[in-house]
Amino acid sequence: MFVVDDDAAVRQGLRFMLRAAGYCVEALPSARSFLEEYDPRRGGCLLLDIRMPQMTGLGLQQQLNVRGWRIPVIFITGHGTVTLAIAAMKAGAFDFIEKPLREDALLESIERALRWNNRAYEERLERATLQIRVALLTPREREVFERVASGEPNKVIARQLGISVRTVELHRAHIAEKLQARSLSDLIRMGIIMNAKTTTNTVIPG
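Quick caveat: nothing in here was measured; it's all calculated off a predicted structure. (Residues numbered from 1 in each chain as written. Predicted model: local features only at pLDDT ≥ 70, side-chain atom pairs only at ≥ 80, totals over all residues. Heavy atoms only, no water.)

Q: Help me out: how do you make sense of the overall build of the chain in this one?
A: A tally of helices and strands in the chain yields nine helices and five strands. Taken along its principal axes, the extent of the C-alpha atoms in the chain is 75 × 30 × 30 Å. Counting the 206 residues in the chain, one finds 39% classified as buried. Sequence-distant contacts in the chain: of pairs separated by 6 or more residues, those separated by 24 or more amount to 61%. Accessible surface, the chain: about 11,800 Å² in total, of which carbon and sulfur atoms supply 52%. The averaged location of the 24 negative side-chain charges in the chain is 6 Å from the averaged location of its 29 positive side-chain charges. (Helix = DSSP H or I, 4+ residues; strand = E, 2+ residues; numbered from the N terminus. Buried < 20%, exposed > 50% of the residue type's maximum accessible area, 1.4 Å probe, protein only. Contact = heavy atoms within 4.5 Å. Areas by Shrake-Rupley, 256 points an atom, 1.4 Å probe, with all protein chains shown as cover. Lys, Arg positive; Asp, Glu negative; His and termini not counted. Charge placed at Lys NZ, Arg CZ, Asp CG, Glu CD.)

Take a look at the structure:
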């Protein structure tokens, strides 16, 4: 758990609250210090003040997006900054909590953010594993896989590629073996995952 706020009193209060709730907490005074010290392999959740000198919370969020660091961000915002917080949500922030902070609302938001982050990590791992397996396919097997994953029947695939139905069936067997797919539904799901990998990532918090 990370807290980034230029107000020492806020950092101390959040550190005490979160540690009492059982979280390990690192509290940092600036966006720059976070960028220098954070290891993206650690995961976690970031509580981030939206208004800070030198680099604002929005500036830090932009840097996280540029670097591809997928840590859920919960903005801490005072009165008059709700419009900025909404802009941050549109840019991928998980949530924003208005000051003065309510402990129950903050802890509930953190729990949801951590669940989302665990789910997102598992999805990224699944995509990476599938990408390695897809790389084992021959160019022809890749063509067949794309059509099978789109729901095309063997006869249609055979006609589209100018090959026999039996050849399509053999390719499907090899594809299923290489991708470790147990059924047609597995192949369709894998095709969806591979297509999603090429699209723009939009964070939609749950």
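Having seen the structure, we can now continue with the description.
Q: Would you explain the confidence of the model for the chain in this entry?
A: It should be kept in mind that the predicted coordinates are not to be read in detail where pLDDT is low. On average, residues of the chain score 86 in pLDDT, and 92% of them are at 70 or above. In the predicted structure, residues 197-206 sits below a pLDDT of 50 and forms 10 contacts with residues beyond four places in sequence or in another chain. (pLDDT = per-residue confidence, 0-100.)

Q: Help me understand the nonpolar core, please; the structure alone is not making it clear to me.
A: The nonpolar side chains of a soluble globular protein tend to be buried, and buried together. Residues V4, F34, L46, L48, L60, L64 and F75 are the most contacted members of the largest nonpolar core, which totals 21 residues. Elements with a minimum of two residues in this core: β1 (2-4), α2 (31-37), β3 (46-49), α3 (57-67), β4 (73-77) and α4 (82-90). Top contributing element to this core by residue count: α2, with three residues. Aside from chain neighbours lying at most four places away, what touches F34 is F2, V4, L28, L46, L60 and L64. Judged by nonpolar contacts, the second largest core, of 19 residues, contains M1, L18, L106 and A120. (Core = buried A, V, L, I, M, F, W, Y, C linked by side-chain atoms within 4.5 Å.)

Q: Just checking my understanding: could you explain the pairing of strand β5 (residues 95-98) for this structure?
A: Strand residues, when the strand is regular, have side chains that alternate between the two faces of the sheet. Here β5 shows a clear split, with D95 and I97 buried on one side and none of F96 and E98 buried on the other. Inspection of the sheet shows β4 paired to β5 by four bridges, in the parallel sense. By the bridge assignment, T77 is partnered in β5 with E98. (Pairing = 2+ DSSP bridges.)

Q: Explanation requested: the sheet that holds β4 in the structure shown.
A: For sheets, the rule is that strands pair by backbone hydrogen bonds, running either parallel or antiparallel. Ordered by their spatial adjacency, five strands build an open sheet running β2-β1-β3-β4-β5, and the pairing between neighbours is parallel. On the outer flanks of this sheet lie β2 (26-28) and β5, each paired with one strand and no other. Taken pair by pair, the neighbouring strands of this sheet meet at an average axis angle of 20 degrees, ignoring direction. Docked against the sheet, helix α1 (residues 8-20) engages β1, β2, β3 and β4, running at close to 170 degrees with respect to β2. (Axes fitted to C-alpha atoms, helices over the stretch in contact; angles between N-to-C directions.)

Q: I keep staring at helix α7 (residues 154-161) and nothing clicks. Help me out?
A: Each α-helix turn comprises 3.6 residues. Residues three or four places apart therefore point the same way. Looking only at α7, the buried set comprises N154, V156, I157, A158 and L161. In this structure, the buried residues of α7 make contact with α6 (139-149) and α8 (165-179). G162 occupies a position one or two residues after α7 and carries a positive phi of about 70 degrees.

Q: Help me out: how do you make sense of the pairing of β3 in this one?
A: Of the two faces of β3, the one carrying L46 and L48 and the one carrying L47 and D49 are both buried. Taken together, the three bridges between β1 and β3 define a ladder with parallel strand orientation. From the neighbouring strand, V4 faces β3, where its bridge partner is L48. The sheet contact formed by β3 and β4 spans four bridges and is parallel. Within β4, the position partnered with D49 by the bridge is I76. Tracing the backbone out of β3, into α3 and back to the parallel element β4 gives a crossover that is right-handed. (Right-handed = clockwise from strand over helix to strand, strands pointing away.)

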